[in-house]
Amino acid sequence: MIEVVRPGPLATVQDLGRPGHAHLGVPHSGAADERALRLANRLVGNPEGAAAIEFTLGGGAVRFQDRAWVAFTGAPVPVRIGGRPCGMNAPCYVNPGDTVELGLPHEGLRSYLAVRGGLAVEPTLGSRSTDLLSGLGPAPLSPGDRLPIGPTAGLDEIQVDVAPSPALPPIPELRLLPGPRDDWFTPESLATLTSEPYEVTSESNRIGVRLNGPTLTRARQGELSSEGMVTGALQVPPNGLPILFLTDHPTTGGYPVIAVIATRDVPAAAQLRPGQRIRFRM
């Protein structure tokens with residue numbers, strides 16, 4: 001068992017989500033930074049999709065009943081295990097009774113704690129992920145919560161000592177694929193989108209990243225019928241300020257999507273902090 005001492009600003013259980021249910025109105029959900037989750041699990045010999053803890057802006061602490069191997073990835077945070085420092089992107093040993101404490105990340109937003117064996121909370125629709133939009137999966141973690149650890153028999157041996165930690169650029173550049181509704185906007189809006197920086201607002205979460213900056217002007221007026229949405233969609237409401245959908249986004253929406261960010265850039269979008277500036281490139 002792992003006992004939650006404090007969750008920090010927000011801590012949730014996440015795996016690779018519950019794909020294939022959008023036709024039922026169920027979001028994909030899962031780790032916002034899927035790349036970081038996969039790495040954390042590989043470092044402790046788990047399957048890449050094992051459930052782990054996603055911490056938002058660090059600040060969390062958990063206590064282990066028994067010995068364990070853990071790994072931390074994602075936004076770089078200072079970590080202490082039983083009072084001793086532990087590095088990021090490497091397997092770390094936990095003694096029985098040790099408390100694992102996370103500080104605040106100096107860059108990025110979301111950090112991941114994987115434990116060998118994975119978290120064995122009850123799955124919902126095939127996934128252990130917390131979905132903030134639909135409420136599916138376990139509730140966001142609270143002090144006193146106890147999380148069971150799965151069996152370690154048959155897992156891969158721990159062979160990797162350390163993994164490279166890619167630096168987060170001060171102004172990330174996210175690559176865009178135009179459409180499907182770019183024809184609803186003026187050509188000048190498309191040029192503005194890719195030439196002017198945008199700032200992440202505090203009204204951002206796992207559902208979407210709200211951006212502030214130059215407004216995008218429609219070439220067509222009227223309403224758009226609700227249609228399917230994907231992770232990475234850049235939806236533009238009537239105020240002209242785009243919203244970048246993350247993993248807990250709704251399955252449908254009625255505002256036009258001017259572009260979709262490349263799938264390989266979604267992990268970078270998941271690490272955007274309020275006040276950070278970003279750029280888009282077609």
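Cut-offs and rules
Along each chain, residue indices are assigned from 1 in the same order as the chain's sequence is written. The predicted origin of the model limits local features to residues at a pLDDT of at least 70 and limits the giving and counting of side-chain atom pairs to 80 or more, whereas totals for whole chains, interfaces and linings rest on all residues. Only hydrogens and water are set aside when side-chain values are computed; all heavy atoms of the structure are taken into account. Secondary structure elements follow DSSP: runs of H or I of four or more residues count as helices, runs of E of two or more count as strands, with numbering from the N terminus. Put simply, two rings from Phe, Tyr or Trp (the six-membered ring, in Trp's case) pair if the centres are within 6.5 Å, and we call them stacked under 30 degrees between planes, edge-to-face over 60, tilted for the rest. For every residue, the accessible area obtained with a 1.4 Å probe (protein chains only) is divided by the maximum for its type, and the residue is called buried under 20%, exposed over 50%, and partly exposed between those limits. Two strands form a pair only when DSSP identifies at least two bridges running between them. Any two residues having at least one pair of non-hydrogen atoms within 4.5 Å are treated as being in contact. The definition of a polar contact used here is a pair of N or O atoms within 3.5 Å, where within protein one atom must be able to donate a hydrogen and the other to accept one, and adjacent residues in sequence count solely through side-chain atom pairs. Within this scheme a cavity is a closed region of a 1 Å grid, computed over the protein atoms alone, that accommodates a 1.4 Å probe without allowing it to escape, whereas a pocket is open but has protein on both sides within 12 Å along at least five of seven lines; lining residues each have an atom within 4 Å of a point. Grid points are joined across faces, edges and corners, and a volume is the space filled by probe spheres set on the points. Charged residues are taken to be Asp, Glu, Lys and Arg, nonpolar residues to be Ala, Val, Leu, Ile, Met, Phe, Trp, Tyr, Cys and Pro, and polar residues to be all remaining types, Gly included.

1. Thoughts on unusual backbone geometry
For step 1, the next point in the chain: Residue P180 is bonded to the preceding G179 through a cis peptide linkage, with omega at 10°.
For step 2, the next point in the chain: Along the chain, P180 turns up in the loop between β12 (173-178) and α2 (187-195).
For step 3, the next point in the chain: Phi angles above zero are rare outside glycine, and N89 is one such case at about 60°.

2. A closer look at the packing of aromatic side chains
For step 1, the next point in the chain: Under the defined criterion, the tally for this structure stands at two aromatic pairs.
For step 2, the next point in the chain: Between W69 and Y93, the aromatic rings sit 5.5 Å apart at their centres with planes inclined by 65°, giving edge-to-face as the arrangement. Within this pair, whereas W69 is found in strand β5 (residues 68-74), its partner Y93 is found in strand β8 (residues 92-94), the two being separated by 24 residues in sequence.
For step 3, the next point in the chain: By relative accessible area, W69 is classed as partly exposed at 34%.

3. Points about the pairing of strand β3 (residues 52-56)
Two faces, one strand: in a regular strand the side chains alternate between the faces of the sheet.
For step 1, the next point in the chain: Along β3, five of the five residues are buried, which leaves the element largely enclosed by surrounding structure.
For step 2, the next point in the chain: Across four bridges, the pairing between β3 and strand β10 (residues 110-115) is antiparallel. Within β10, the residue paired with T56 across the bridge is R110.

4. Notes on the sheet that holds strand β9 (residues 99-102)
For step 1, the next point in the chain: On the basis of which strands lie adjacent, the open sheet formed by six strands has the order β7-β6-β9-β4-β1-β11 and antiparallel pairing. Two strands in the sheet have a free side with no partner beyond their single neighbour: β7 (84-86) and β11 (146-147).
For step 2, the next point in the chain: With three bridges connecting them, strand β4 (residues 61-64) and β9 associate as antiparallel partners. Across the sheet, the residue bridging to A61 is E101, located in β9.

5. What about the environment of N205?
For step 1, the next point in the chain: Here N205 shows up in the loop between β13 (198-200) and β14 (208-212).
For step 2, the next point in the chain: Sequence separation between N205 and H28 is 177 residues, and the spatial gap between their C-alpha atoms is 15 Å.
For step 3, the next point in the chain: Among all residues touching N205, those that are not within four sequence positions of it are R110 and L246.
For step 4, the next point in the chain: Within polar-contact distance, the side chain of N205 engages the backbone nitrogen of I207 at 2.8 Å.

6. Focus: the layout of surface pockets
For step 1, the next point in the chain: Taken as a whole, the largest pocket encloses approximately 530 Å³ of empty space.
For step 2, the next point in the chain: Those elements that place two or more of their residues in the lining of the largest pocket are α1 (34-43), β5, β12 and α3 (266-270).
For step 3, the next point in the chain: Per element, the largest residue contribution to the lining of the largest pocket is four residues, and it comes from α1.
For step 4, the next point in the chain: When its residues are assigned to classes, the lining of the largest pocket shows 14 nonpolar, seven polar and eight charged.
For step 5, the next point in the chain: Of the voids in this model, the second largest pocket is the one considered here, and its volume is about 300 Å³.
For step 6, the next point in the chain: For the second largest pocket, the lining is made up of 19 residues, of which E34, T231, T263, V266 and P267 are closest to its centre.
For step 7, the next point in the chain: Mapped onto the lining of the second largest pocket, the elements with two or more residues apiece are α1, β19 (257-261) and α3.

Any link to function would need more than the numbers given here.
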